[in-house]
Amino acid sequence: KPLALPGAHVVVTGGSSGIGKCIAIECYKQGAFITLVARNEEKLLQAKKEIEKHSINDKQVVLCISVDVSQDYSQVENVIKQAQEKLGPVDMLVNCAGMSLSGKFEDLEVSTFERLMSVNYLGSVYPSRAVITTMKERRVGRIVFVSSQAGQLGLFGFTAYSSSKFAIRGLAEALQMEVKPYNVYVTVAYPPDTDTPGFAEENKTKPLETRLISETTSVCKPEQVAKQIVKDAIVVTMGLFRTIALFYLGSFDSIVRRCMMQRARSEIADKTA
Ligand SMILES: NC(=O)C1=CN([C@@H]2O[C@H](COP(=O)(O)OP(=O)(O)OC[C@H]3O[C@@H](n4cnc5c(N)ncnc54)[C@H](OP(=O)(O)O)[C@@H]3O)[C@@H](O)[C@H]2O)C=CC1
Ligand SMILES: CCCCCCCCCCCCCCCC(=O)[C@@H](N)CO
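- The name an unreviewed UniProt entry assigns to the protein is 3-ketodihydrosphingosine reductase, from the organism Catagonus wagneri.
- Under the heading Function (unreviewed entry), UniProt records this for the protein: "Catalyzes the reduction of 3'-oxosphinganine (3-ketodihydrosphingosine/KDS) to sphinganine (dihydrosphingosine/DHS), the second step of de novo sphingolipid biosynthesis."

Side note on the overall build of the protein
Step number 1: The helix and strand inventory of the protein stands at ten helices and six strands.
Step number 2: Relative to a compact globule of 273 residues, whose C-alpha radius of gyration would be 19 Å, the protein shows 19 Å and is just as compact.
Step number 3: With the C-alpha coordinates aligned to their principal axes, the bounding extent of the protein is approximately 70 × 45 × 35 Å.
Step number 4: Residue burial in the protein is summarised as follows: out of 273 residues, 45% are buried.
Step number 5: In the protein, of all internal contacts separated by at least 6 residues, the share reaching a separation of at least 24 is 75%.
Step number 6: Carbon and sulfur atoms provide 56% of the accessible area of the protein, an area that totals close to 14600 Å².
Step number 7: Taking the average location of the 33 positive side-chain charges in the protein and that of its 29 negative ones, the two points are 7 Å from each other.

Re the site of ligand 2
Step number 1: Close to ligand 2 lie 14 residues, the nearest being S148, Y161, D193, F199 and E202.
Step number 2: Between ligand 2 and the protein, one listed contact pairs an oxygen atom with a side-chain N or O atom of Y161 at 2.6 Å.
Step number 3: Across the complex, the protein chains shield 75% of the 600 Å² of accessible surface that ligand 2 would expose by itself.
Step number 4: Of all elements in the fold, only α6 (197-203) and α7 (208-215) reach the threshold of two or more residues within the shell around ligand 2.

Some thoughts on the packing of aromatic side chains
Step number 1: What the rule picks out here adds up to three aromatic pairs.
Step number 2: A ring pair is formed by F105 and F113, whose centres lie 5.6 Å apart and whose planes are at 85°; its orientation type is edge-to-face.
Step number 3: The positively charged end of K136 is found above the aromatic ring belonging to Y182, 4.5 Å away from the centroid.

Remarks on the nonpolar core
Step number 1: Counting residues in hydrophobic clusters, the biggest one holds 33 residues, and the most contacted among them are L5, V10, I23, C27, I34, L36 and V94.
Step number 2: Elements with a contribution of two residues or more to this core: β1 (9-13), α1 (18-29), β2 (33-38), α2 (41-52), β4 (92-95), β5 (141-146) and α8 (222-234).
Step number 3: At seven residues, α1 tops the list of elements feeding residues into this core.
Step number 4: Apart from residues lying up to four places away in sequence, C27 is in contact with L5, V10, A32, I34, M92 and V230.

So, the side chain of S100
Step number 1: Here S100 is to be found in the loop between β4 and α4 (110-138).
Step number 2: Look past the residues within four positions of S100 in its chain and what remains in contact with it is L116, F158, Y161 and E202.

Structural notes on the sheet that holds β1
Step number 1: One open sheet holds the six strands; their spatial order is β3-β2-β1-β4-β5-β6, and the pairing between them is parallel. Among the strands making up the open sheet, the edge pair consists of β3 (62-66) and β6 (184-189). Averaged over all pairs of adjacent strands, the angle between their axes in this sheet comes to 15°, without regard to strand direction.
Step number 2: For β4 and β5, the ladder comprises four bridges, and the chain directions are parallel.

Observations regarding the domain arrangement of the protein
Step number 1: Domain parsing of the protein yields domain 1 (9-237) and domain 2 (248-273).
Step number 2: Averaged C-alpha coordinates put domain 1 and domain 2 at centres separated by 33 Å.
Step number 3: In this assembly, domain 1 packs against domain 2 so that about 500 Å² is buried in total across both faces, 72% of it on carbon and sulfur atoms.
Step number 4: Of all residues in domain 1, M177, K180 and P181 bury the most surface against domain 2, accounting for 83% of the area lost on that side.
Step number 5: Where domain 1 packs against domain 2, one counts zero salt bridges.

Comments concerning the site of ligand 1
Step number 1: Taken together, the neighbourhood of ligand 1 is formed by 30 residues, with S16, S17, R39, Y161 and T196 sitting nearest.
Step number 2: Residue V69 places a main-chain N or O atom 3.0 Å away from a nitrogen atom belonging to ligand 1.
Step number 3: Within the side chain of T196, one N or O atom sits 2.5 Å away from an oxygen atom of ligand 1.
Step number 4: Relative to its free-state accessible area of 890 Å², ligand 1 is covered by the protein chains to the extent of 92%.
Step number 5: By residue number, the principal contributor to the shell around ligand 1 is α6, which donates three residues.

Things to note about the packing of α1 against α8
Step number 1: Two numbers describe how α1 lies on α8: the axes approach to 8 Å, and their chain directions differ by 60°. Comparing their axes, α8 and α1 come out oblique. For the element pair α1 and α8, the recorded crossing hand is right-handed. Contact residues: α1 offers G18, I19, C22, I23, E26 and C27, while α8 offers P222, E223, V225, A226, K227, I229 and V230.

Thresholds, definitions, all that
Residues numbered from 1 in each chain as written. Chains lettered and ligands numbered in written order. Predicted model: local features only at pLDDT ≥ 70, side-chain atom pairs only at ≥ 80, totals over all residues. Heavy atoms only, no water. UniProt positions renumbered as here; feature names shortened; annotations may be inferred. Helix = DSSP H or I, 4+ residues; strand = E, 2+ residues; numbered from the N terminus. Rg over C-alpha atoms; globule rule 2.2 N^0.38 Å. Buried < 20%, exposed > 50% of the residue type's maximum accessible area, 1.4 Å probe, protein only. Contact = heavy atoms within 4.5 Å. Areas by Shrake-Rupley, 256 points an atom, 1.4 Å probe, with all protein chains shown as cover. Lys, Arg positive; Asp, Glu negative; His and termini not counted. Charge placed at Lys NZ, Arg CZ, Asp CG, Glu CD. Near = heavy atom within 4 Å. Polar contact = N/O pair within 3.5 Å; in protein donor to acceptor, adjacent residues only side chain to side chain. Phe/Tyr/Trp six-rings, centres within 6.5 Å; stacked < 30°, edge-to-face > 60°. Lys NZ or Arg CZ within 6 Å of the ring centre and 35° of its normal. Core = buried A, V, L, I, M, F, W, Y, C linked by side-chain atoms within 4.5 Å. Pairing = 2+ DSSP bridges. Axes fitted to C-alpha atoms, helices over the stretch in contact; angles between N-to-C directions. Domains from an automatic or database assignment. Buried area = accessible area lost by both parts, 1.4 Å probe. Salt bridge = Lys/Arg side-chain N within 4 Å of Asp/Glu carboxyl O. Parallel < 35°, antiparallel > 145°, perpendicular 65-115°, else oblique. Left-handed = near helix turned anticlockwise from the far one by under 90°.

Structure (structure tokens):
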């Protein structure tokens, strides 16, 4: 059943800019309490002010937390704990912190590969890892990953970026299989080019080929992309790929359920023995 946003605690990483900020606004408009996670404190406060303009009651709170989601797991775990103490358990986590750098394979520094993998991939692993246990215990939760169209298709200039966005898909699909029996749902968004500060930054260094490929599609508004992402997270439906894989996923899910029941049974047996 759909997640009720009124009163829910939604954590948005990358919530101080672009798509993440629009996701936060969209959830706030529907009555959620928001925690914004990003590094720059000034941008966080600016975003907080902007989001608060959209309040629908006087209880709503926007909390700001400055942390690098890709550096140190224990730091991320700590700030999530702080957020839960202030606003209650996390009902929905949106992993939107990310960055893009393009260039031909041989022109990209190897450190760029490390950086993008660390921010886009590990920066989604850490916050998710920090909220998952409570979500499973409560049998409530949504985890949203933000990949990209370049996370479905490897594109010229995106050897470093595409691979970090493909990694997110593997993570999300495997995690979904694990947590579905606990009523926790995982969604992945694959947005097209979207008009954000991050996109403007990316365009400064895009190779010609990448720009021409990118120009074959139009640039979306972040508000529009955010609206769709929130909708998909609240009412989880099945995409085309999911439908094709339905049979397999269905039978894998039943294996997972069976094991969970079996384990519970043997735990009870152990206790009574
Ligand atoms: N715009 C586009 O065309 C598309 C974007 N996407 C993806 O959507 C997401 C958001 O993109 P967009 O809105 O354009 O990006 P922006 O650059 O506008 O915003 C990025 C946000 O992430 C935060 N952030 C970046 N690095 C870190 C970090 N290490 N730790 C914590 N926070 C961090 C930034 O804050 P701060 O710098 O202060 O930390 C900022 O809040 C990204 O994952 C991007 O890959 C996907 C498809 C298309
Ligand atoms: C299976 C269906 C896939 C359809 C793919 C069509 C691809 C057309 C062009 C893609 C342009 C590049 C998008 C990258 C956006 C991005 O992530 C960066 N802008 C981030 O800043």
